[in-house]
Amino acid sequence: MLFAVVLLIALTVFWPRLYGAFERATHPLEYAPQIRAASQKFGVDPTLVAGVIYTESRFGHDSESSKGAYGLMQLMPSTARFVAEHGGIRGDYRDPGVNIEMGTWYLSYLEHRYPQDERLALAAYNSGEGKVAQWGLRPGFSLRQIPYAETRDYVRNVLAAQKTYRRLYGPELRGG
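The following paragraphs examine the structure supplied in this document. (Residues numbered from 1 in each chain as written. Predicted model: local features only at pLDDT ≥ 70, side-chain atom pairs only at ≥ 80, totals over all residues. Heavy atoms only, no water.)

1. A word on the packing of aromatic side chains
The final tally for this structure, using the stated rule, is 11 aromatic pairs. For the ring pair Tyr54 and Tyr165, a centre distance of 5.9 Å and an interplane angle of 55° mean the geometry is tilted. Of this pair, Tyr54 sits in helix H3 (residues 46-57) while Tyr165 sits in helix H8 (residues 149-174); the two residues are 111 residues apart in sequence, bridging distant segments of the chain. A relative accessible area of 0% places Tyr165 in the buried class. When the ring of Phe82 is compared with that of Trp105, the centres are 6.1 Å apart and the planes differ by 55°; the resulting orientation is tilted. Of this pair, Phe82 sits in helix H4 (residues 77-87) while Trp105 sits in helix H5 (residues 96-113); the two residues are 23 residues apart in sequence, bridging distant segments of the chain. The rings of Phe82, Trp105, Tyr106, Tyr109 and Tyr125 are connected pair by pair, giving a single aromatic cluster. The ring of Phe141 has Arg119 sitting right over it, with the charged end atom 4.2 Å from the ring centre. (Phe/Tyr/Trp six-rings, centres within 6.5 Å; stacked < 30°, edge-to-face > 60°. Helix = DSSP H or I, 4+ residues; strand = E, 2+ residues; numbered from the N terminus. Buried < 20%, exposed > 50% of the residue type's maximum accessible area, 1.4 Å probe, protein only. Lys NZ or Arg CZ within 6 Å of the ring centre and 35° of its normal.)

Structure representation (structure tokens):
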């Protein structure tokens, strides 16, 4: 009985630290200076950028999808060309710093295109602007209205990761 009481007290005292360490291990934060700089430059919440990176690549700088998307923010070559042309960002999109800058610019672009609902911007980041336009979704839509399960899951996962990154690293990412 005494062992159970001691164990319960120990868990009560140490559980928050253990759980926090577990969450930091499962949700690492790499490239914080680059995320912070690009977020400030383009007016995007840095925890959203971290959530996109986590969802897209789990912070794997050389991740490549079967469709040809590359890097931390999984940019397609055509998206990188679009960003270079319209955003004026030069450099190799396969470079982690350039990838973060281009991906953050593109998120900013999509947030300006869909200012009423960040979930539309995330759906467009995943499926493309053309698909989101075809779906005719309006602000306040239900995620169930997204016809692609992959995109529904993507939006849900990015928002969950953003919430975790905000809780774990918000002040660090905001430079505070």
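2. Things to note about helix H6 (residues 118-127)
Among the 10 residues that make up H6, seven are buried, leaving the element largely enclosed by the rest of the structure. Within the sequence span of H6, burial applies to Arg119, Leu120, Ala121, Leu122, Ala123, Ala124 and Tyr125. One or two residues past the end of H6 sits Gly128, with phi positive at roughly 105°.

3. Digging into the pattern of salt bridges
Applying the stated criterion across every chain, the model contains eight salt bridges. Residue Arg166 is joined to Asp45 by a salt bridge in which the shortest nitrogen-to-oxygen separation is 3.1 Å. You can see Arg166 sitting in helix H8 and its partner Asp45 sitting in the loop between helix H2 (32-42) and H3, a full 121 residues away along the chain. By relative accessible area, which is 38% here, Arg166 ends up partly exposed. By relative accessible area, Asp45 is classed as partly exposed at 22%. Shared partners join several salt bridges into a network, and the residues in it are Asp45, Arg166 and Arg174. (Salt bridge = Lys/Arg side-chain N within 4 Å of Asp/Glu carboxyl O.)

4. Quick notes on the packing of H2 against H8
Put simply, H2 and H8 touch, their axes get as near as 9 Å, and they point 70° apart. By the angle between their axes, H2 is roughly perpendicular relative to H8. Here H2 and H8 pass one another in a crossing that is right-handed. Contacts between H2 and H8 pair Ala32, Ile35, Arg36 and Gln40 from the former with Glu172, Leu173 and Arg174 from the latter. Each residue belonging to the contact of H2 with H8 can be placed in one class, and the counts come to three nonpolar, one polar and three charged. (Axes fitted to C-alpha atoms, helices over the stretch in contact; angles between N-to-C directions. Parallel < 35°, antiparallel > 145°, perpendicular 65-115°, else oblique. Left-handed = near helix turned anticlockwise from the far one by under 90°. Contact = heavy atoms within 4.5 Å. Nonpolar A, V, L, I, M, F, W, Y, C, P; charged D, E, K, R; others polar.)

5. Examining H3
Between its first and last C-alpha, H3 extends 16 Å over 12 residues, near the 16 Å set by a 1.5 Å rise per residue. Here H3 has its buried residues at Pro46, Thr47, Leu48, Val49, Ala50, Gly51, Val52, Ile53, Tyr54, Thr55 and Ser57. Remark: Arg58 follows H3 within two positions and exhibits a positive phi of approximately 55°. (Expected span 1.5 Å × (residues − 1).)

6. Observations regarding the environment of Ser142
Structurally, the position occupied by Ser142 is in the loop between helix H7 (129-135) and H8. The class of Ser142 is partly exposed, set by a relative accessible area of 25%.

7. Focus on the nonpolar core
In this structure, Val52, Met102 and Tyr125 are the most contacted members of the largest nonpolar core, which totals 50 residues. Mapped onto this core, the elements with two or more residues apiece are H2, H3, H4, H5, H6, H7 and H8. Ranked by residue count, the leading element in this core is H8, at eight residues. The contact partners of Met102, leaving out residues within four places of it in the chain, are Leu75, Ala80, Val83, Ala84, Ile89, Gly91 and Tyr93. (Core = buried A, V, L, I, M, F, W, Y, C linked by side-chain atoms within 4.5 Å.)

Just distances and angles here, no functional claims.
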